[in-house]
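These are the residues of each chain, in order.
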Amino acid sequence: MPPRRRMFHSFSVKNYTMQTPVWQPQSGREFANNGRLCYTYFAFAKFTAGFSEKGASAMGQPLWLNFTARPEEAGLTLRNFLRQQGVSASLIKGVKYRGEGFLVDGRAVFTDHRMEAGETVRFALPPEEETTVPPQDLPIELVYEDAHTALVNKPAGMTVHPTLNAADGTLANAWMGLLHRRGETGVFRPVNRIDRDTSGLVLCAKNAYAAAALARNVQKVYLAVLQGVPARLQGEIDAPIDRASGSIILRQVGPQGKPSRTCYQVLAAGQGLSLAAARPITGRTHQLRVHFAHIGCPLAGDELYGGSRARIGRQALHCARMTFESPGVEGVQTVDCPLPPDMAALCETMTKL
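Residues numbered from 1 in each chain as written. Predicted model: local features only at pLDDT ≥ 70, side-chain atom pairs only at ≥ 80, totals over all residues. Heavy atoms only, no water.

Looking at this structure, I do not really get the packing of aromatic side chains. What am I missing?
Aromatic ring pairs are reported here in terms of the distance separating the ring centres and the angle at which the planes meet. This structure, assessed with the given rule, holds five aromatic pairs. Ring centres of F67 and Y209 lie 5.8 Å apart, and the angle between their planes is 70°; this geometry places the pair in the edge-to-face category. Here the residue F67 occupies a position in strand β2 (residues 64–68), and Y209 occupies one in helix α4 (residues 208–215), the gap between them amounting to 142 residues. Each of the two residues, F67 as well as Y209, counts as buried. When the centroid spacing of 5.3 Å and the interplanar angle of 65° are considered together, the rings of F102 and F123 count as edge-to-face. Of this pair, F102 sits in strand β3 (residues 102–104) while F123 sits in strand β5 (residues 120–124); the two residues are 21 residues apart in sequence, bridging distant segments of the chain. With respect to burial, F102 and F123 carry one shared label: buried. (Phe/Tyr/Trp six-rings, centres within 6.5 Å; stacked < 30°, edge-to-face > 60°. Helix = DSSP H or I, 4+ residues; strand = E, 2+ residues; numbered from the N terminus. Buried < 20%, exposed > 50% of the residue type's maximum accessible area, 1.4 Å probe, protein only.)

What should I look at first to understand the environment of A174 in this one?
Tracing the backbone shows A174 in helix α3 (residues 171–182). Along the chain, A174 and Q136 lie 38 residues apart, while their C-alpha atoms are 5.6 Å from each other. Residues within four places of A174 in sequence aside, it is in contact with Q136, L138, P139 and I140. (Contact = heavy atoms within 4.5 Å.)

I would appreciate a short explanation of α4 in the present structure.
Listed in full, the buried residues belonging to α4 are Y209, A210, A213 and L214. All buried residues of α4 lie within an arc of 115° about the axis, which places them on one face of the element. Tucked into the core, α4 has its buried residues touching β2, α2 (89–97), β7 (149–154), β8 (199–205) and β15 (317–324). Structurally, the start of α4 carries an N-cap: the backbone nitrogen of Y209 is 3.2 Å from a side-chain oxygen of N207. (Arc of directions from axis to C-beta. Polar contact = N/O pair within 3.5 Å; in protein donor to acceptor, adjacent residues only side chain to side chain.)

Sorry, what's going on with unusual backbone geometry here?
Note: most peptide bonds trans; most residues except glycine with negative phi. Of note, D105 is a non-glycine position whose phi angle comes to about 50°, a positive value. As for its position among the elements, D105 is in the loop between β3 and β4 (107–109). In this structure D105 comes out as partly exposed when scored by relative accessible area, which is 45%. The backbone of H286 shows a phi angle near 60°, a positive value even though the residue is not glycine. Following the sequence through the fold, H286 ends up in the loop between β14 (273–280) and α5 (287–294). For H286, a relative accessible area of 12% puts it in the buried group.

Structure representation (structure tokens):
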């Protein structure tokens, strides 16, 4: 087997000047008490108003989608027109064989129909296929929900999907339990996944159309408590990440790894720790944990990559902000999620930098 091509010759932390910082507080009350970091810095307003066990759409009612052809799209087959709107081939097939078919201006048509400017395609999302994940009556915190999208605040210690070592008690089981209580059917479609001991936001697509649409435009910002203070308070870590030899879990920086980039900004420091906001540009396994360890500042509590559990019993990493465009909702949505108590406690004596 030929060796993989060397993609990098050196690794670096670059000075990184951005038009907007990695982290911009959404509240004007970030710091108080003579510059000491206060818990109110992380007490963001959450979009929980109006959420209930009833969900964001009528129970049992199919969700209909509508798309109108523009002049430049005239002549496209219905199939190609829908693909240009972000409808996947598998969803088109599902509407055709498991759903109610396609209507163009109220007329039933096949997917080879040639679109004319101004025509509107209308179709209902087909019933969901069976899932093997059983519902469980577990707590689940929704911080945002609309007809297509949901954001869940996952606690540390919970896996996202069932595994051999965690067959139940997962976020997937909790989601299916929520649907069961609502009297709805569905499957669990996380757009992003975070480690078991990482807390914070998980973006979920509520249907097959939303899954593809959300995956194209989501941006995540994490808050991490680091051991020590990075030499540069704002920068970009550009270092390829590869699987460590002899391990199926451990990752490392190495020349044979995949390109990996992280932008970060140190927000506060104190008592030998610092608080950093980090935005992963790429999405490698354990990327933030590996990158911060690489620059000499492992995450507090992250024993796998050199951190100490003296002050916290898990890696101090929290997905704190999600920016996305939900189908059918105008504009870009930005949702924040407050730090959990274990990480907030580490930040109470920090001073803003």
